[in-house]
Amino acid sequence: MSKTADFTFPISCGLIGLGRVGIKHLRAIKSLKTFRLVLVITRRPERAKAIVTRVLGSVAAEKVEFLTSIEAIKTWPRIFAIATPSGEHYFAAKAALINHCHLILEKPMALKLAECRELCELAKQNQCHIVMCHIYRYFPLMADLQQNIVAEKYGRLLHINCQLAWGHDAAYYRQAWRGTWQNDGGALMNQGIHACDLAVWLSGSRPVSVQAYTSKFVHTDLEAEDTACMQGHCLNGTTFQIWSSTATNPKAPTAQINLYFTHGEISVSLKNGRPWLKITGTANGAPKRRNYVGALIKKVLSPSKCKFKERLGIVLHPHQGIYADMADLCREDNGAAAQVLQQAIAGDKDGYNAVELVIAAYLSSRNHNLPVALPLDPAAAEPYNNEPTVYNK
């Protein structure tokens, strides 16, 4: 058993980073009632306390310890959530794993592949869970869809096309760390990594080759790209193309994935927060749109230990699904007799694989857009920073 097993509910939880993503973590903690916030690490304690009070209430906020550094932690919580800038993920995650904390970790796992590998090894050594915030996996119906795709309910998967038009204005990049190679990466590492993870997960295979192009159209003062396009193929023959950009209209964020099979097509999209699913030309007996909608309604209405509001929140808000995933893992650990930990919907290996695919794309862009073979050697995957092509008017 893990040294962090035998959980008592609600589970003590710490959080580092309280920007707009960190607030989503607070709302998930409040909604599920499974976790108890006991610690917040922040550079501005007074501001953080005001935010926690607003989201969780004054009574809960009074029970939270506010510290300005990880080094100041005397008693580590059972769960540690990391929502800092990307360049700080590795150091915070390593400290938490050394102290036998389970992790809820925002993407990317880290900015260097060797660091990702070290975190995976630490998690295995200390029998700690890492739940990655690869939010697309936690969207409604995605788990059912992935299972049916891998089971070839629509025939063999031929091609995956992902488009992520997630525009940001200049104010978004005003924070000094954004768009830098040392602390953030570009549209591919920061936004497109979600599409990279989803494509690999849905394929049921692993990428073996990738070719990529990076460029800057609008945010030309960044070190990294504001637009990237990659293409490649997986071990099972499935091809994929991923396009990600922050140069598009910030007021109309859109994510779409199109899947092409031997017996049909599936399109899943998210536009201005509204999800859409379209299934066409499927073989007889293959699940259709109404089947997924019915399964979703059944999931929300089915009796369980969670209240209706909690079940609805898990379905509609990915971070609540992420925290529910961690809660389930903790419950399974309590009842487990074996030494093997249960797997998260998006775990440490998934975090590693997503970063590996992004870095392979950057290496291709750096090396005259030539194909790059995977898996990568972590020690040879540096440096991957490049100067994206600038396209001015």
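You'll find the structure just up there.
Just so you know, these numbers come straight off a predicted model, no measurement behind them.

Novice: Describe the sheet that holds strand S5 (residues 102-105), naming the residues involved and giving the relevant values.
Specialist: The six strands lie next to each other as S3-S2-S1-S4-S5-S6, forming an open sheet whose pairing is parallel. Looking at the sheet topology across the chains shown, the edges are occupied by strand S3 (65-67) and strand S6 (130-132). Averaged over neighbouring strand pairs, the angle between their axes works out to 20 degrees when direction is ignored. Examined bridge by bridge, strand S4 (residues 79-82) and S5 share four bridges and lie parallel to one another. When the sheet's bridge partners are listed, Phe80 is paired in S5 with Leu103.

Novice: Please provide a residue-by-residue account of the packing of helix H1 (residues 20-32) against helix H2 (residues 45-56), values included.
Specialist: Axis separation between H1 and H2 bottoms out at 10 Å; the angle between their running directions is 35 degrees. The handedness of the crossing between H1 and H2 is right-handed. Together, Ile23, Leu26, Arg27 and Lys30 of H1 and Ile51, Val52, Arg54, Val55 and Leu56 of H2 make up the contact between the two elements.

Novice: Help me get a handle on helix H4 (residues 89-98), residues and values and all.
Specialist: Side chains three or four residues apart in an α-helix point the same way, a direct result of the helix having 3.6 residues per turn. The element H4 is extensively covered by neighbouring structure, given that seven of its 10 residues are classed as buried. Those residues of H4 that are buried are in contact with strand S1 (11-16), S4, S5, helix H5 (113-125) and S6. Backbone geometry just downstream of H4 places His100 in the positive-phi region, at approximately 60 degrees.

Novice: Can you break down the packing of aromatic side chains residue by residue, with the values?
Specialist: Per the stated rule, a full pass over the model turns up 10 aromatic pairs. Ring geometry for Trp181 versus Tyr384: centroids 6.1 Å apart, planes at 80 degrees, classification edge-to-face. Residue Trp181 is found in the loop between strand S7 (157-165) and helix H7 (187-203), and its partner Tyr384 is found in the loop between strand S14 (372-373) and strand S15 (389-390); the two are separated by 203 residues along the sequence. The residues Trp181 and Tyr384 share a single accessibility class, namely buried.

Novice: Talk me through the pattern of salt bridges; I want residue IDs and the actual numbers.
Specialist: Pairing between side chains of opposite charge can happen when the charged atoms of each approach one another. Per the counting criterion, the structure on display carries seven salt bridges. Of the charged contacts in the structure, one is a salt bridge between Arg137 and Asp197, with a shortest N-O distance of 2.8 Å. Within this pair, whereas Arg137 is found in the loop between S6 and helix H6 (142-150), its partner Asp197 is found in helix H7, the two being separated by 60 residues in sequence. The pair Arg137 / Asp197 is uniform in exposure class, with both members buried. One salt bridge in this structure joins Asp328 and Arg331, with 3.1 Å as the shortest N-O distance. Of this pair, Asp328 and Arg331 are both found in helix H10 (residues 318-335), three residues apart, which corresponds to roughly one turn of the helix. Salt bridges sharing common partners tie together Arg137, Asp197 and Asp350.

Novice: So what's going on with the pairing of strand S12 (residues 264-271)? Which residues, and what values?
Specialist: Burial analysis of S12 places six of its eight residues in the buried class, which makes it a mostly covered element. Bridge count for strand S11 (residues 254-261) against S12 is eight bridges, and the pairing is antiparallel. Looking at the pairing, Ala255 lines up with Leu270 of S12. Counting the residues between successive antiparallel strands, the hairpin from S11 to S12 contains two residues.

Novice: Help me get a handle on the side chain of Asp348, residues and values and all.
Specialist: On the secondary structure map, Asp348 appears in helix H11 (residues 348-366). Of the side chains bearing the opposite charge, Lys349 lies closest to the buried Asp348, which forms no salt bridge; the N-O distance is 6.3 Å. Discounting residues that sit within four places of it in the chain, Asp348 has contacts with Met109, Cys120, Ala123 and Ile130.

Novice: Please provide a residue-by-residue account of a nonpolar patch on the surface, values included.
Specialist: There is a patch of nonpolar side chains on the surface, built from Phe217, Val218 and Tyr391 and spanning about 310 Å² of accessible area. Tracing the backbone shows Phe217 in the loop between strand S8 (207-216) and strand S9 (227-234).

Calculation notes
- Residues numbered from 1 in each chain as written.
- Predicted model: local features only at pLDDT ≥ 70, side-chain atom pairs only at ≥ 80, totals over all residues.
- Heavy atoms only, no water.
- Pairing = 2+ DSSP bridges.
- Helix = DSSP H or I, 4+ residues; strand = E, 2+ residues; numbered from the N terminus.
- Axes fitted to C-alpha atoms, helices over the stretch in contact; angles between N-to-C directions.
- Left-handed = near helix turned anticlockwise from the far one by under 90°.
- Contact = heavy atoms within 4.5 Å.
- Buried < 20%, exposed > 50% of the residue type's maximum accessible area, 1.4 Å probe, protein only.
- Phe/Tyr/Trp six-rings, centres within 6.5 Å; stacked < 30°, edge-to-face > 60°.
- Salt bridge = Lys/Arg side-chain N within 4 Å of Asp/Glu carboxyl O.
- Lys, Arg positive; Asp, Glu negative; His and termini not counted.
- Patch = residues over 30% accessible without salt bridge, like charges linked within 9 Å, V, L, I, M, F, W, Y side chains within 5 Å.
- Areas by Shrake-Rupley, 256 points an atom, 1.4 Å probe, with all protein chains shown as cover.

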